[in-house]
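Structural characterization, general
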Amino acid sequence: MILVTGGAGFIGSNFILDWLATKGTPVVNLDKLTYAGNPANLAAAAKDDRYVFVKGDIGDREFVGKILREHKPRAVVNFAAESHVDRSIHGPDAFVQTNVVGTFNLLEEARAYWSNLKEPERSDFRFLHVSTDEVYGSLGSNDPAFTETTSYSPNSPYAASKAASDHLVRAYHHTYGLPVITTNCSNNYGPFQFPEKLIPLAIVNAARGKPVPVYGDGLNVRDWLYVGDHCAGVRLALNKGRVGETYNIGGNAEKTNLEVVQSICAILDELRPLEAAIHDSRFTIHGSKPITRHSSLVTLVKDRPGHDRRYAMDARKIERELGWRARERFETGLRKTVHWYLDHMDWVDSVTSGAYRDWVELNYADREMGNRK
Ligand code: NAD
Ligand code: TDX
């Protein structure tokens, strides 16, 4: 079996569902269930006797040690993290605690567990750490994409905490020989993403007639990776990746934020014309003028402090060495994602509790939501 941490979050839950469907071996999911973790994401696995859920904190060493000794995993796949850049700007403490101290604790317990394994289990053990392109910093418009040898230059508290965890993972291999692999991926999108991140936030807001906030001039560029492609890359890296190596995983789909939200609006115009949408009681018409296109909800707002301009990933190493490819085109992946959110508005309602409304107030209240694009 494998131990997945943070498996009740966006990528982790997609990974577990994919894993059970494709690999078939048992999974233990250790998750603290922060605001971002939702066991309902794994409802499809709940009755599967290959799936075990354990509520717990990767920062709780004693508990992590007990779980490792009890379940004897052949691998740890570490997704657990605080993952939202804006939250890291408002409150970096949790980021240092989980992403740095938590990963350190997990590494220490994994090292103790692995040191006591006998061959061949000892040689077969893997610690796979899931990280991000943000550790490499920000690119200019003509710079080449990040490679695995680009030096680290994290700019937000979130990115710095992920960079710190990557360094610890690297050091545990270099110093203790722990068989680690690190993957650094670009912006994921797809089902079950918490609607604080750009794509689900834009879909949900636009579908409900609320402003779609775009930071700054809207020309920051992200590389978009469909979550299913990311999960396939992590699976491959776990099974075939070389110990001690890092692999970049990217979607080969660089878009400005304005392009992303305009594409979402165009899909919504087609799937849910506004005349139909306004019959939904939760739809609120923004502003006084009647709107005919979702794109009129797009609103430029005050920028994110320290906002990285551009990320781009060079994923040729994982393509060459492990035969991975991003299969989903952005246009088709985005359309699937919009469909998924429209079909799962009850899921959106269930994860956006009072605490979510507090967050929206904290992050967007002083961003002057009036300046339409
Ligand atoms: P997410 O915020 O949706 O989920 C994180 C999960 O971790 C939640 O289920 C949460 O309950 C759990 N968790 C948080 N603190 C924990 C702790 N101390 N102990 C145990 N569980 C804890 O995040 P995500 O978007 O699924 O990201 C997963 C991983 O991928 C993260 O490490 C993130 O840095 C990385 N990543 C994400 C993206 C992206 O676009 N979402 C891109 C690159 C890298
Ligand atoms: O309301 C918004 N308006 C807006 O313009 C939000 C929430 C975001 N943005 C911009 C900021 C970014 O340029 O959209 C872009 C994407 O923002 P996020 O969805 O918050 O993602 P990002 O900051 O790029 O980080 C993501 O990718 C790397 C994940 O959240 C990280 O976990 C991952 O490591």
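None of the values given here were measured: they were computed from a predicted structure.

As a further point, take the site of ligand 2. Around ligand 2, a shell composed of 21 residues is seen, among which E134, Y158, R304, H307 and Y364 lie nearest. A distance of 2.7 Å separates an oxygen atom of ligand 2 from a polar backbone atom of S83. Calculation on ligand 2 without its partners gives an accessible area of 650 Å², and the protein chains cover 95% of this total. Sorting the residues of the shell around ligand 2 by element identifies α3 (85–90), α7 (198–207) and β8 (212–215) as the ones contributing at least two each. If you tally residues by element for the shell around ligand 2, the top one is β8, at three residues. When the residues that make up the shell around ligand 2 are grouped by side-chain class, the tally is eight nonpolar, seven polar and six charged.

Another aspect to go through is the site of ligand 1. Of all residues adjacent to ligand 1, which total 28 residues, the nearest are I11, D31, S83, Y158 and K162. In the model, an oxygen atom of ligand 1 is placed 3.4 Å from a nitrogen or oxygen of the L33 main chain. In this structure, a nitrogen atom belonging to ligand 1 sits 3.0 Å away from a main-chain N or O atom of I58. Calculation on ligand 1 without its partners gives an accessible area of 830 Å², and the protein chains cover 97% of this total.

The next point concerns the pairing of strand β9 (residues 221–226). With six of six residues buried, β9 lies mostly within the body of the structure. Taking every second residue as pointing to the same face, both faces of β9 are buried, with V221, D223 and L225 on one and R222, W224 and Y226 on the other. Pairing geometry for strand β7 (residues 187–189) and β9, over three bridges, is parallel. Residue N188 lies in a different strand from β9, and its bridge partner there is L225.

In this structure, F15, V77 and I199 are the most contacted members of the largest nonpolar core, which totals 70 residues. Setting aside residues no more than four positions away along its own chain, F15 makes contact with I2, V4, V77, F79, C231, V234 and R235. One finds L3, V28, A80 and Y172 within the second-largest nonpolar core, a separate group that totals 22 residues.

The next thing to look at is helix α2 (residues 61–71). Taken together, the buried positions of α2 are occupied by V64, G65, I67 and L68. All buried residues of α2 lie within an arc of 160 degrees about the axis, which places them on one face of the element. Structural note: α2 exposes E62 and R69 on the side pointing more than 90 degrees away from its buried face. In the core, the buried residues of α2 are packed alongside β1 (2–5), β2 (27–31), β3 (51–55), β4 (75–78) and α4 (93–115).

With respect to the secondary-structure elements, L20 resides in helix α1 (residues 10–22). Along the primary structure L20 and F125 are separated by 105 residues, whereas in three dimensions their C-alpha atoms are 19 Å apart. For L20, the contacting residues outside a window of four places in its chain are T25, V27, A45, D48, R50 and Y51.

Here the focus is the packing of α4 against helix α6 (residues 157–176). For the pair α4 and α6, the least separation of the axes is 8 Å and the interaxial angle reads 15 degrees. Taken as axis vectors, α4 and α6 run roughly parallel relative to one another. Like other packed secondary-structure pairs, α4 and α6 cross with a definite hand, here right-handed. Residues F95, N99, V100, T103, F104, L107, E108, R111 and W114 of α4 form the contact with α6, whose participating residues are Y158, S161, K162, A164, S165, L168, V169, Y172 and Y176. Classifying every residue of the contact of α4 with α6 gives 11 nonpolar, four polar and three charged.

About the cut-offs
Residues numbered from 1 in each chain as written. Chains lettered and ligands numbered in written order. Predicted model: local features only at pLDDT ≥ 70, side-chain atom pairs only at ≥ 80, totals over all residues. Heavy atoms only, no water. Near = heavy atom within 4 Å. Polar contact = N/O pair within 3.5 Å; in protein donor to acceptor, adjacent residues only side chain to side chain. Areas by Shrake-Rupley, 256 points an atom, 1.4 Å probe, with all protein chains shown as cover. Helix = DSSP H or I, 4+ residues; strand = E, 2+ residues; numbered from the N terminus. Nonpolar A, V, L, I, M, F, W, Y, C, P; charged D, E, K, R; others polar. Buried < 20%, exposed > 50% of the residue type's maximum accessible area, 1.4 Å probe, protein only. Pairing = 2+ DSSP bridges. Core = buried A, V, L, I, M, F, W, Y, C linked by side-chain atoms within 4.5 Å. Contact = heavy atoms within 4.5 Å. Arc of directions from axis to C-beta. Axes fitted to C-alpha atoms, helices over the stretch in contact; angles between N-to-C directions. Parallel < 35°, antiparallel > 145°, perpendicular 65-115°, else oblique. Left-handed = near helix turned anticlockwise from the far one by under 90°.

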